[in-house]
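Structural overview for review
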Amino acid sequence: MQGLKRKLVYVTLFELIAVCMSGTLLSLISTRDSFVYAGMAAVASSAIALLWNLAYTSAFEYWEARQLKKGRGLLRRAVHALGFELGLVVLLVPLFAYLLGLSLWDAFVYDLGLMVFFMVYTFLFNLGFDHVFGLPTSALPEPATPERTMGA
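To keep things clear, this report deals only with the structure shown in the data block. Quantities reported herein were computed from a predicted structural model and do not represent experimental measurements.

Description of the nonpolar core
Counting residues in each nonpolar core, the largest one holds 28 residues, and the members touching the most others are Leu26 and Phe96. Elements with a minimum of two residues in this core: helix 1 (3-29), helix 2 (34-65), helix 3 (74-100) and helix 4 (104-133). Here this core gets 10 residues from one element, more than from any other, and that element is helix 3. Here phenylalanine 96 is in contact with Leu26, Ala41, Ser45, Gly101, Leu102, Ala107, Asp111 and Leu114, once residues within four sequence places are set aside.

What follows is the structure in structure tokens.
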């Protein structure tokens with residue numbers, strides 16, 4: 001599976017699982033009526049993360065396709081997960097502060113905890129997703145050509 005279909009399946013599965021996990025986590029740490037506001041925060045952050053995921057993954061694969069070294073080693077996967085999570089921090093801290101009734105600092109601290117959790121989740125999800133659906137075209141090794149096999 002490649003292209004837009006791959007991206008849509010990826011972000012949909014990623015976010016469905018993420019909403020369930022983040023809603024539960026936010027309800028455990030929220031100081032407000034935890035179920036209502038945590039649910040709102042989870043759904044709103046999911047919508048933001050969905051759009052961010054689509055944009056970030058597209059940009060990452062654009063960059064990746066231009067790299068000489070193909071494949072997705074541990075470093076490239078870690079960079080992908082870290083970049084994704086840092087973008088979410090910028091986007092989600094104000095949302096969490098507002099919906100969960102927190103100061104920006106407290107929302108940032110909460111988001112740091114979620115960021116660590118989701119960095120691990122993102123890394124493991126990507127490993128599993130690539131295992132089930134295969135690598136995207138941007139990460140596939142180039143096929144051997146007669147010139148390459150003959151040392152040219």
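What about the environment of leucine 124?
Note on placement: leucine 124 falls in helix 4. When the C-alpha atoms of leucine 124 and leucine 28 are compared, they prove to be 23 Å apart, with 96 residues separating the residues in sequence.

Side note on empty space enclosed by the protein
In total, this model carries three cavities of 30 Å³ or more according to the counting rule given. In this model, the largest cavity occupies a volume close to 200 Å³. Taken together, 19 residues make up the lining of the largest cavity; nearest its centre are Ser45, Ala49, Leu88, Leu92 and Phe118. Elements that contribute at least two residues to the lining of the largest cavity include exactly helix 1, helix 2, helix 3 and helix 4. Here the lining of the largest cavity gets six residues from one element, more than from any other, and that element is helix 3. Among the residues making up the lining of the largest cavity, the classes are represented as 13 nonpolar, three polar and three charged. There is about 90 Å³ of room inside the second largest cavity. Lining the second largest cavity we find Arg6, Lys7, Tyr10, Thr57, Phe60, Glu61, Arg72, His80, Asn126, Phe129 and Asp130. Contributing elements (two or more residues each) for the lining of the second largest cavity: helix 1, helix 2 and helix 4. Grouping the constituent residues of the lining of the second largest cavity by class yields three nonpolar, three polar and five charged.

A look at the side chain of asparagine 126
Its location among the elements puts asparagine 126 in helix 4. Once you skip the residues sitting within four places of it in the chain, asparagine 126 turns out to touch Tyr10, Arg77 and His80.

A closer look at the pattern of salt bridges
Applying the stated criterion across every chain yields a total of seven salt bridges. Between arginine 72 and glutamate 64 there is a salt bridge, with the nearest N and O atoms lying 2.9 Å from each other. Note that aspartate 130 and arginine 77 form a salt bridge whose closest N and O atoms lie 3.0 Å from each other. Of this pair, aspartate 130 sits in helix 4 while arginine 77 is found in helix 3, placing the two residues 53 residues apart along the sequence. On the accessibility criterion, aspartate 130 (9% relative accessible area) is buried. One continuous salt-bridge network, built from bridges that share partners, spans Arg6, Lys7, Glu61, Glu64, Arg72, Arg76, Arg77 and Asp130.

Basis of the calculations
- Residues numbered from 1 in each chain as written.
- Predicted model: local features only at pLDDT ≥ 70, side-chain atom pairs only at ≥ 80, totals over all residues.
- Heavy atoms only, no water.
- Core = buried A, V, L, I, M, F, W, Y, C linked by side-chain atoms within 4.5 Å.
- Buried < 20%, exposed > 50% of the residue type's maximum accessible area, 1.4 Å probe, protein only.
- Helix = DSSP H or I, 4+ residues; strand = E, 2+ residues; numbered from the N terminus.
- Contact = heavy atoms within 4.5 Å.
- 1 Å grid on protein atoms, 1.4 Å probe; cavity = no way out; pocket = protein on both sides within 12 Å on 5 of 7 lines; lining within 4 Å.
- Points joined across faces, edges and corners; volume = space filled by probe spheres on them.
- Nonpolar A, V, L, I, M, F, W, Y, C, P; charged D, E, K, R; others polar.
- Salt bridge = Lys/Arg side-chain N within 4 Å of Asp/Glu carboxyl O.

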